[in-house]
Amino acid sequence: MTATITIPPSASKGERYGAIWAQVASSTVGAEGNLQQIRRVGIRVYLDVGPGGDPRSDFTIAELVPGRTRDGLPVVRAKVKNTGERALDLSGKLQLAEGPDGISAGPFPVQIGTTVVPGDTADVEVLLGSKLPDGPWQATLNMESGRIHRTVTAELTFPDEHGTWGLPANLAKHLPWMAIGIVAALVVAVPMLVFVRSRLRPVHQTAT
């Protein structure tokens, strides 16, 4: 099957997203009259309407909350906001360090349930092992979508009671490597500039 998408001239700039479904169903139901076999496959569609190239992609991690499921498993929930102009399919990992007796754990994969559309906020969760101590832990969450990477760090302690959540942790956001490089360059360049300007300053002599 060949599918063709025709863009109307009146379409505005931006990204559209959807799916193309192909489905085959059995012609008759089961002997009891309540069962029918259906086979389906889908192709996800991301369609950019120009001009101007691909829309900008970006997201932020708003908060990190420790909790415990009804079954007693420790879990970490993060709020991710899509601040760009494209739908995001997120992935990520959580690493725990500096726990009781200096132990570390992870990385644990992020459980993603849906695509985050532009301007929307979604909850993502990381389910941890049942034998994990309550903490405190130094948690580092790494999230990515394509070339966009975001990292936050926070101190977490899991609650004792099943089916409860703790307070949102204070996040420490990591600077991108490019920003770190710029800051380092400025630290070196500013003293050198001051030194050069002091050497080039004219010396005034008084004639006698």
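Anything mentioned here points back to the structure above.
None of these values were measured; they are calculated from a predicted model. (Residues numbered from 1 in each chain as written. Predicted model: local features only at pLDDT ≥ 70, side-chain atom pairs only at ≥ 80, totals over all residues. Heavy atoms only, no water.)

Trainee: Describe the side chain of Arg68, and please don't skip the residues or the numbers.
Mentor: Mapped onto the secondary structure, Arg68 falls in strand 3 (residues 59-68). With a relative accessible area of 8%, Arg68 lands in the buried category. Discounting residues that sit within four places of it in the chain, Arg68 has contacts with Leu73, Pro74, Val75, Asp134, Phe158, Pro159, Asp160, Glu161, His162, Gly163 and Thr164. (Helix = DSSP H or I, 4+ residues; strand = E, 2+ residues; numbered from the N terminus. Buried < 20%, exposed > 50% of the residue type's maximum accessible area, 1.4 Å probe, protein only. Contact = heavy atoms within 4.5 Å.)

Trainee: Before we move on, could you go through the nonpolar core and cite the residues and values that matter?
Mentor: By size, the foremost hydrophobic cluster in this structure holds 29 residues, and its most contacted members are Phe59, Val76, Leu94, Leu96, Leu128, Leu141 and Met143. Every element with two or more residues in this core is listed here: strand 3, strand 4 (74-82), strand 5 (91-97), strand 6 (105-109), strand 7 (121-127), strand 8 (137-145) and strand 9 (148-156). In contact with Leu141, not counting residues within four places along its chain, are Ile61, Leu64, Ala78, Lys93, Leu94, Val110, Arg150, Thr151 and Val152. (Core = buried A, V, L, I, M, F, W, Y, C linked by side-chain atoms within 4.5 Å.)

Trainee: Account for the pattern of salt bridges, naming residues and giving values.
Mentor: Taken as a whole and judged by the stated rule, the model has seven salt bridges. A salt bridge links Asp48 to Arg86; its shortest N-O distance comes to 3.8 Å. In this pair, Asp48 sits in strand 2 (residues 38-49) while Arg86 sits in the loop between strand 4 and strand 5, placing the two residues 38 residues apart along the sequence. Exposure remark for Arg86: the relative accessible area of 22% places this residue in the partly exposed category. (Salt bridge = Lys/Arg side-chain N within 4 Å of Asp/Glu carboxyl O.)

Trainee: Quick rundown of the packing of aromatic side chains? Include the residues and the values.
Mentor: On inspection of all chains with the given rule, the structure shows zero aromatic pairs. Across from the ring centre of Trp21, 5.4 Å away, lies the NZ or CZ of Arg40, which sits over that ring. Positioned above the aromatic ring of Phe59 is the side chain of Arg150, whose terminal nitrogen or guanidinium carbon lies 6.0 Å from the ring centre. (Phe/Tyr/Trp six-rings, centres within 6.5 Å; stacked < 30°, edge-to-face > 60°. Lys NZ or Arg CZ within 6 Å of the ring centre and 35° of its normal.)

Trainee: Outline the sheet that holds strand 4, supporting the account with residue identities and numerical values.
Mentor: The sheet built from four strands is open, its strands ordered 7-4-3-10 with antiparallel pairing. Looking along the sheet, the strands with just one partner apiece sit at the ends: strand 7 and strand 10 (164-165). Looking at chain direction, strand 3 and strand 4 are connected through nine bridges and run antiparallel. Residue pairing for strand 4: Leu64 is matched across the bridge by Ala78. (Pairing = 2+ DSSP bridges.)

Trainee: Give a description of unusual backbone geometry that names residues and reports values.
Mentor: Going from Gly106 to Pro107, the amide bond is cis rather than trans, its omega being 10°. Relative to the helices and strands, Pro107 is located in strand 6. Put simply, Gly135 and Pro136 share a cis peptide bond, and its omega is 10°. Along the chain, Pro136 falls in the loop between strand 7 and strand 8. Even without a glycine there, the phi angle at Glu98 is positive, about 55°. Despite not being glycine, Asp101 has its phi angle at roughly 60°, a positive value. Take Asp101: it is sitting in the loop between strand 5 and strand 6. The exposure class of Asp101 is exposed, given its relative accessible area of 83%.

The values reported here are purely geometric and, on their own, carry no functional implication.
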